[in-house]
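Observations on the model geometry
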Amino acid sequence: MTRTIQNVTILGSTGSIGASTLDVLARHPDRYRVFALSGYRQLERLAQQCRRFRPALAAVPDEDSARRLGGLLDGCPVRILAGESALAEISAHDETDVVMAAIVGAAGLPAGIAAARAGKRILLANKESLVMAGKVFLDACRQGGASVLPIDSEHNAVFQCLPNGRNGAGVRRILLTASGGPFREMPLERMADVTAAQACEHPNWKMGRKISVDSATMMNKGLELIEAHYLFDMPDAGLDVVVHPQSIVHSMVEYTDGSTLAQLGNPDMRTPIAHALAYPERIESGVDMLRLAEIGRLDFEAPDLGRFACLRLAREALRAEGAAPAVLNAANEVAVESFLAGRIGFLDIARLNERVLGRLGGEAAGSCLDSVLDIDRRARAEARAFVEGACP
Ligand code: NAD
Ligand code: MG
């Protein structure tokens, strides 16, 4: 059988997921070509990637970055696109087959929607876009004929445990596993003083700073509950979280006959990336096979909602529906940014999120990209006001 080579666009190629994606693609030049890359601030890194993978296109945020990138390319023939429309352009490009959506935060939404409308195969790492605009995003996928394959390790695991990746007859519950992050056993009073460096030191995964802080507050698991609700069309009552400190079982699906199916593997994002790239086939990812006898034991426990208020808030937002998930996501992005900048404390993240959710969470959900972005803007303004008040 002859197979045509797939052109892959990576939104956020300079990040942690972007780098893991390039690592998998480099193992399969017979199947994939790196067609377009995007970076934001790390232009040196983007230039290195361009020199090595020779994409046709590279997207950067503005003209100044375009000039700087051009100067770093050593004559490598890459067409550089700059500005807000550049990301949408490389996503929806006629020659793009697959889009890896790996920008962090709400900034990834417009390009994700562009890929959806253009009917691409979307590998979705950017959970925030689904949390803030789940229905708008999935409607755009349906209308454009796009398919979505989850990259988040938990959702990729659930996908693998469901028949054809879909929730159907006999499925009783989806169980997302959570490592519990670096502060799993820390008493609440000590959490007030943790630093950004401590919060970013995840015990099992090496990730970008925003998702690392989200893992430390367990907001990440909260966002993932909302993500699972949309991806698998599962109501709140059918979603649960179990803490599993070793991060070997990536998630589970429970069936009415008493079966629970799980997907296991070493904690390395190249597994879900390779799975989603090749689905329904399987390709080598570079990840070591599991050695269960060496691991010895796998532990599970219930999450502590008293210490991890962000997980409770996400559950509330999921139940409230409407604009609540989008409001929570926006508030949390401002809170995490402010924590990383040393402007608020670790426990202020949950306080800020709760306040903004209380103020704006009752509004109706945005029905199109513009109205979603409007809610996002207003929630950010409210969150910034909290930060100003918290540190005059
Ligand atoms: P990262 O911080 O390492 O990389 C983020 C990427 O987004 C970079 O390429 C950066 O240039 C780009 N970016 C940031 N702000 C931007 C903006 N305003 N406009 C355009 N581009 C911008 O993050 P990451 O850990 O790779 O995570 C990326 C996404 O994948 C997140 O949504 C995260 O939740 C999700 N995810 C990551 C992991 C992981 O293991 N890292 C696991 C599951 C899900
Ligand atoms: Mg995850």
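Given the structure is predicted, the values throughout are model-derived calculations rather than measurements.

Parameters at a glance
- Residues numbered from 1 in each chain as written.
- Chains lettered and ligands numbered in written order.
- Predicted model: local features only at pLDDT ≥ 70, side-chain atom pairs only at ≥ 80, totals over all residues.
- Heavy atoms only, no water.
- Helix = DSSP H or I, 4+ residues; strand = E, 2+ residues; numbered from the N terminus.
- Rg over C-alpha atoms; globule rule 2.2 N^0.38 Å.
- Contact = heavy atoms within 4.5 Å.
- Areas by Shrake-Rupley, 256 points an atom, 1.4 Å probe, with all protein chains shown as cover.
- Lys, Arg positive; Asp, Glu negative; His and termini not counted.
- Charge placed at Lys NZ, Arg CZ, Asp CG, Glu CD.
- Salt bridge = Lys/Arg side-chain N within 4 Å of Asp/Glu carboxyl O.
- Buried < 20%, exposed > 50% of the residue type's maximum accessible area, 1.4 Å probe, protein only.
- Phe/Tyr/Trp six-rings, centres within 6.5 Å; stacked < 30°, edge-to-face > 60°.
- Near = heavy atom within 4 Å.
- Polar contact = N/O pair within 3.5 Å; in protein donor to acceptor, adjacent residues only side chain to side chain.
- Nonpolar A, V, L, I, M, F, W, Y, C, P; charged D, E, K, R; others polar.

**Observations concerning the overall build of the protein**
In terms of helices and strands, the protein carries 17 helices and 11 strands. For a compact globule of 392 residues, the expected C-alpha radius of gyration is about 21 Å, and the protein comes in at 20 Å, within 12% of that figure. Counting only C-alpha atoms and orienting by the principal axes, one finds that the protein spans roughly 55 × 55 × 40 Å. Contacts in the protein between residues at least 24 apart in sequence constitute 69% of all its contacts with a sequence separation of at least 6. Of the roughly 16,900 Å² of accessible surface on the protein, 49% is carried by carbon and sulfur atoms. Between the centroid of the 43 positive side chains of the protein and the centroid of its 48 negative side chains there is a distance of 2 Å.

**Description of the environment of glycine 83**
Here glycine 83 shows up in the loop between strand S4 (79-82) and helix H4 (84-92). The spatial distance from the C-alpha of glycine 83 to the C-alpha of alanine 59 is 7.9 Å, given a sequence separation of 24 residues. Once you skip the residues sitting within four places of it in the chain, glycine 83 turns out to touch Val60, Pro61 and Asp62.

**Topic: the pattern of salt bridges**
Summed over all chains, the structure comprises 32 salt bridges. A salt bridge links lysine 210 to glutamate 128, with the shortest nitrogen-to-oxygen separation between them at 3.1 Å. Remark: glutamate 128 occurs in helix H6 (residues 127-144) and lysine 210 occurs in helix H10 (residues 209-217); sequence separation between them is 82 residues. A salt bridge links aspartate 374 to arginine 378; its shortest N-O distance comes to 3.3 Å. Residue aspartate 374 and its partner arginine 378 are located together in helix H17 (residues 369-390), separated by 4 residues, close to a single helical turn. The exposure class assigned to aspartate 374 is partly exposed, which follows from its relative accessible area of 32%.

**Focus on the packing of aromatic side chains**
To describe a pair of aromatic rings, one takes the distance between the centres and the angle between the planes. Per the stated rule, a full pass over the model turns up 3 aromatic pairs. Between phenylalanine 339 and phenylalanine 346, the ring centres sit 5.6 Å apart and the planes meet at 65°, which makes this aromatic pair edge-to-face. Residue class for phenylalanine 346 comes out buried when judged on its relative accessible area of 4%. Counting every residue linked through ring pairs, the aromatic cluster contains Phe183, Phe339 and Phe346.

**Notes on the site of ligand 1**
As a matter of local geometry, ligand 1 sits amid 21 residues, with Thr14, Ser16, Ile17, Glu128 and Gly208 nearest to it. Measuring from an oxygen atom of ligand 1, one finds a backbone N or O atom of tyrosine 40 at 3.2 Å. One nitrogen or oxygen atom from the main chain of alanine 125 is found 3.4 Å from an oxygen atom belonging to ligand 1. About the coverage of ligand 1: the protein hides 87% of its 830 Å² of free accessible area. Listed by contribution, the elements that provide at least two residues to the shell around ligand 1 are helix H1 (16-26) and H6. The residue makeup of the shell around ligand 1, split by class, is 10 nonpolar, 8 polar and 3 charged.

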